[in-house]
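Understanding the architecture of this molecule
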Number of protein chains: 2
Amino acid sequence: MALALSWRGRGRTAPNPNVGCVIVRDGRVVSRGWTQPGGRPHAEAMALEGVDAKGTDIYTTLEPCVHQSARGPACVDLIVAAAPRRVVIAATDPDPRTDGRGIAQLRSAGIEVVEGLLADEAKRAMAGFFTRLEKGRPHVTLKLATSLDGQVALPDGSSQWITGPEARAHAHVERALADMVVVGRGTAESDSPTLNVRLDGLANRTPARAVLTGDYSNFSKLQLHADKPVWQHLAEPGAIADLENVDHLLVEGGAGAAAAFIAADCADRLILYRAPILIGAGLSALGDIGLAQLDDAHGHWRLIETRMLGKDRMEVYERA
Amino acid sequence: MALALSWRGRGRTAPNPNVGCVIVRDGRVVSRGWTQPGGRPHAEAMALEGVDAKGTDIYTTLEPCVHQSARGPACVDLIVAAAPRRVVIAATDPDPRTDGRGIAQLRSAGIEVVEGLLADEAKRAMAGFFTRLEKGRPHVTLKLATSLDGQVALPDGSSQWITGPEARAHAHVERALADMVVVGRGTAESDSPTLNVRLDGLANRTPARAVLTGDYSNFSKLQLHADKPVWQHLAEPGAIADLENVDHLLVEGGAGAAAAFIAADCADRLILYRAPILIGAGLSALGDIGLAQLDDAHGHWRLIETRMLGKDRMEVYERA
Ligand SMILES: NC(=O)c1ccc[n+]([C@@H]2O[C@H](COP(=O)([O-])OP(=O)(O)OC[C@H]3O[C@@H](n4cnc5c(N)ncnc54)[C@H](OP(=O)(O)O)[C@@H]3O)[C@@H](O)[C@H]2O)c1
Ligand SMILES: NC(=O)c1ccc[n+]([C@@H]2O[C@H](COP(=O)([O-])OP(=O)(O)OC[C@H]3O[C@@H](n4cnc5c(N)ncnc54)[C@H](OP(=O)(O)O)[C@@H]3O)[C@@H](O)[C@H]2O)c1
């Protein structure tokens, strides 16, 4: 349940992790919390607010933070003051300011701590936070809608529509879960995509939108502050989009932009929507990624989810 | 069970259908039969051989034939003489020499007949026979091994190996189930494929092997008797391969040959093996199939099976 709650904040809490928290007494949920838009209050603070948590079990998807901030107290202090019986933690916090010290402080306050439960799912839910800490760049999802033969457009560039309404709606949910969505200049020009979230009730979840163009230097680091415009605001051509508060980046093609992310080893997750159609001659999903031999292609990707969306099949791959 | 038996003959019985037959008394199987290599004996004749079938239930995947031949008696006559209680038939026989008359003769002999049980599965098992009668050409399976982005080779033409050993073994089973396997001249030259069945115990199931080259006239009918060599024997370049006794044709690429079958509307089944790799620039799975607009691509294919083969994913599509 805490994991499901953590997804509520995904794409809205950067640079803070989107944590989920549940407080349970005698097998009954007494409170829930999740990181709020902008990153505060933290999930634990929200769940503890106005609740007597003495003797309860607190489930949280990330090790509680030990650092105080102008915007709020350290979660560990809140929890120690609340005096629960036990804290169950999915993932430990790699942030050097916490990194195990949260767990240590809980234990030295006499609170039982269980760690590592569903840690992989927690890291997946908070992928942007973990990728930022490990690699100094956002977590990148590459989305492509292809035919069975892997084409993303006809020779004339038309790609509307390859997939059906269910797959397209799912892609809008992916947008809602991102901090920023980006397309290459070719796609911006040929498709004039709005890149907004057109789902009832989620229209306010449209992320920042950018176009990739111009300066390829330092691309492999997905540079945060480009001197020249690499990430331009979709709505304001020429204005540089800020990647500082982007923990989850969704790349929606086209072939050139997608290949740039793959070639730079900057794609962490692939989401493929495959329509049951054949296109033949057209535009392949990926441009040149600099592959020298087939052997080098193996071992990088792992299928983690697949299902039907109407007539189309969705596949999600992660780094192997 | 009769359906499973029918698959034993697949690729070996043309121009006869690969039928399966089971005889049951009081819930116990007393005999089984399937069409033998070359097409005779028929499944029913094999199952009835040396068995007292009086009062039994006979399950057969195809309506019993009513025509006698120099090579054997009509199955209907054998069954009437055996006097079973009931005959359960999956598919009716569209062969104009039978076409419902088998069922009528059984009924007028006082035998109960149930028809249409698992008829679609039966037609799938005997696809070559049905396609031959409906379209005057073999049933064509198009096999492609691709990367996630739909490439079948690197720019230099190398395609060994995209998929892993499990997928390749499965492709050998597909060969064993075909009467003939064919590749385009480009593939024959670049890969020098043997196209044989390299599975323990199935080495004798290597089908006829041919190369597609040269004369494109009448290709859309998959002409049986080409004046000029279109289907050349793999082992004897220049010698024309005979399509007369080919009911199941397996096309193993490359992009040009595959596109020719799609463009001519001569592919009935797609089997895709997809490795969890990205290739980028390379050779797309299909050459030009003459698609004018995206709308025309929809509605032709339907996913009927998908599963993992080692790290690779297999998908089977049939005409929608
Ligand atoms: N089916 C789908 O999922 C899908 C999705 C999107 C698009 N499409 C189709 O794909 C086609 C467009 O694809 P495309 O390959 O022509 O264009 P594209 O990938 O959308 O854009 C290519 C441009 O992106 C910029 N770019 C690429 N790598 C970069 C890097 N490392 N740093 C900075 N900028 C970089 C460059 O812009 P500059 O030249 O300005 O430097 C480059 O010209 C259209 O037909 C569209 O319909 C299909
Ligand atoms: N991954 C895979 O599943 C897979 C499978 C096979 C091949 N491959 C790769 O694909 C590449 C070869 O593909 P390709 O497209 O270059 O060649 P190809 O499709 O194997 O052969 C093309 C040739 O087939 C003949 N052909 C095509 N249409 C025909 C028609 N309608 N009637 C008669 N003949 C016809 C023509 O031969 P003529 O020029 O002699 O007339 C044509 O040049 C190789 O790199 C190979 O490794 C990959």
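All values reported here derive from a predicted model rather than from experimental measurement.

On to the site of ligand 2, then. Residue and element names in this part refer to chain B. Every one of the 28 residues lining ligand 2 counts as a neighbour, but A145, R185, T187, T213 and A257 are closest to it. Taking A257, its main chain carries an N or O atom lying 2.7 Å from an oxygen atom of ligand 2. Relative to its unbound accessible surface of 930 Å², ligand 2 loses 83% to contact with the protein. Among the detected pockets, ligand 2 sits in the largest pocket. Of all the secondary-structure elements, those providing two or more residues to the shell around ligand 2 are β6 (139-146), β7 (151-153), α8 (185-191) and α9 (255-263). Here the shell around ligand 2 gets 5 residues from one element, more than from any other, and that element is α8. Partitioning the shell around ligand 2 into residue classes produces 13 nonpolar, 11 polar and 4 charged.

All right, on to the UniProt feature "binding site: substrate" (unreviewed entry) in chain A then. Residue and element names in this part refer to chain A. Residues annotated by UniProt as "binding site: substrate" (unreviewed entry) correspond here to S159, R175, R198 and E252. Position of R175 relative to the elements: it lies in helix α7 (residues 165-176). Classification of R175 as buried rests on a relative accessible area of 8%. Residues in contact with R175, not counting those within four places in the same chain, are L195, N196, V197, R198, R205, P207, L250 and E252. Summarising the element assignment, R198 is placed in the loop between α8 (185-191) and β9 (208-212). Polar side-chain contacts of R198 include one of 2.7 Å to the side chain of T194.

Residue and element names in this part refer to chain A. Throughout the structure, instances matching the rule amount to 2 aromatic pairs over all chains. Ring geometry for F129 against F130: centres 5.6 Å apart, planes inclined by 85°, an arrangement best described as edge-to-face. For the pair F129 and F130, one class covers both residues: buried. When the ring centre of W34 is taken as origin, the NZ or CZ atom of R8, which lies over that ring, is 4.4 Å away.

What follows concerns the sheet that holds strand β1 (residues 20-25) of chain B. Residue and element names in this part refer to chain B. Read from one edge to the other, the open sheet built from 5 strands follows the order β2-β1-β3-β4-β5, with strand pairing classed as mixed. With partners counted over all chains shown, the strands left at the sheet margins are β2 (28-34) and β5 (112-115), one partner each. For this sheet, the mean angle separating the axes of adjacent strands, direction not counted, is 15°. As paired elements, β1 and β2 share 6 bridges and run antiparallel to each other. Residue pairing for β2: V24 is matched across the bridge by V29.

Moving on, we get to the site of ligand 1. Residue and element names in this part refer to chain A. Contacts to ligand 1 come from 28 residues, most closely from A145, R185, T187, T213 and A257. Within the backbone of V152, one N or O atom sits 3.2 Å away from a nitrogen atom of ligand 1. Burial of ligand 1 by the protein amounts to 83% of the accessible area it has alone, namely 930 Å². Secondary-structure elements contributing two or more residues to the shell around ligand 1 are β6 (139-146), β7 (151-153), α8 and α9 (255-263). Ranked by residue count, the leading element in the shell around ligand 1 is α8, at 5 residues. Classifying every residue of the shell around ligand 1 by side-chain character gives 13 nonpolar, 11 polar and 4 charged.

Each copy of the sequence occupies a distinct position, and chain B is placed on chain A by a rotation of 180° and an axial shift of 0.0 Å, giving an RMSD of 0.0 Å. Put plainly, the chains are arranged around a two-fold axis. Minimal C-alpha distance to the rotation axis in chain B is attained by G150 of chain B, lying at 2.0 Å. An overlap of 100% is found between the interface residues of chain B and their copies at the interface of chain A, pointing to a shared contact surface.

Residue and element names in this part refer to chain A. Spatially, the 5 strands line up as an open sheet ordered β2-β1-β3-β4-β5, and their pairing is mixed. The sheet is open, and its two edges are formed by β2 (28-34) and β5 (112-115), each paired on a single side. The mean inter-strand angle of the sheet, taken between neighbouring strand axes irrespective of direction, is 15°. Bridge analysis of strand β1 (residues 20-25) against strand β3 (residues 57-62) gives 4 bridges, and the strand direction is antiparallel.

Time to look at the UniProt feature "active site" (unreviewed entry) in chain A. All names here are of chain A. Mapped onto this structure's residue numbering, the UniProt feature "active site" (unreviewed entry) falls at E44. For E44, the position within the fold is in helix α2 (residues 43-48). Given the relative accessible area of 4%, E44 is considered buried. Among residues more than four places away in sequence, those in contact with E44 are V19, C21, T60, L62, P64, C75 and I79.

Turning our eyes to something else, we now look at the layout of surface pockets. Residues and elements named next belong to chain B. Taken as a whole, the largest pocket holds about 1000 Å³ of empty space. Surrounding the largest pocket, 46 residues form its lining, T187, D191, E252, G253 and G254 being those nearest its centre. Those elements that provide at least two residues to the lining of the largest pocket are β6, β7, α7 (165-176), β8 (180-184), α8 and α9. Of the residues forming the lining of the largest pocket, the biggest block, 7 residues, is contributed by α7. Broken down by class, the residue content of the lining of the largest pocket amounts to 22 nonpolar, 16 polar and 8 charged.

Let us look at α7 of chain B. Along an α-helix, residues three or four apart share an orientation, since each turn contains 3.6 residues. Residue and element names in this part refer to chain B. In this model α7 runs 17 Å from its N-terminal to its C-terminal C-alpha over 12 residues, within 8% of the 16 Å that 1.5 Å per residue would give. Taken as a whole, α7 has its buried residues at A167, H170, A171, H172, E174, R175 and A176. Taken together, the buried residues of α7 touch β6, β11 (248-251), β12 (269-274), β14 (301-309) and β15 (312-319).

Reading the values: rules and limits
Residues numbered from 1 in each chain as written. Chains lettered and ligands numbered in written order. Predicted model: local features only at pLDDT ≥ 70, side-chain atom pairs only at ≥ 80, totals over all residues. Heavy atoms only, no water. Near = heavy atom within 4 Å. Polar contact = N/O pair within 3.5 Å; in protein donor to acceptor, adjacent residues only side chain to side chain. Areas by Shrake-Rupley, 256 points an atom, 1.4 Å probe, with all protein chains shown as cover. 1 Å grid on protein atoms, 1.4 Å probe; cavity = no way out; pocket = protein on both sides within 12 Å on 5 of 7 lines; lining within 4 Å. Sits in = over half its atoms within 2 Å of the grid points. Helix = DSSP H or I, 4+ residues; strand = E, 2+ residues; numbered from the N terminus. Nonpolar A, V, L, I, M, F, W, Y, C, P; charged D, E, K, R; others polar. UniProt positions renumbered as here; feature names shortened; annotations may be inferred. Buried < 20%, exposed > 50% of the residue type's maximum accessible area, 1.4 Å probe, protein only. Contact = heavy atoms within 4.5 Å. Phe/Tyr/Trp six-rings, centres within 6.5 Å; stacked < 30°, edge-to-face > 60°. Lys NZ or Arg CZ within 6 Å of the ring centre and 35° of its normal. Pairing = 2+ DSSP bridges. Axes fitted to C-alpha atoms, helices over the stretch in contact; angles between N-to-C directions. Least-squares fit on C-alpha atoms with pLDDT ≥ 70 in both. Points joined across faces, edges and corners; volume = space filled by probe spheres on them. Expected span 1.5 Å × (residues − 1).

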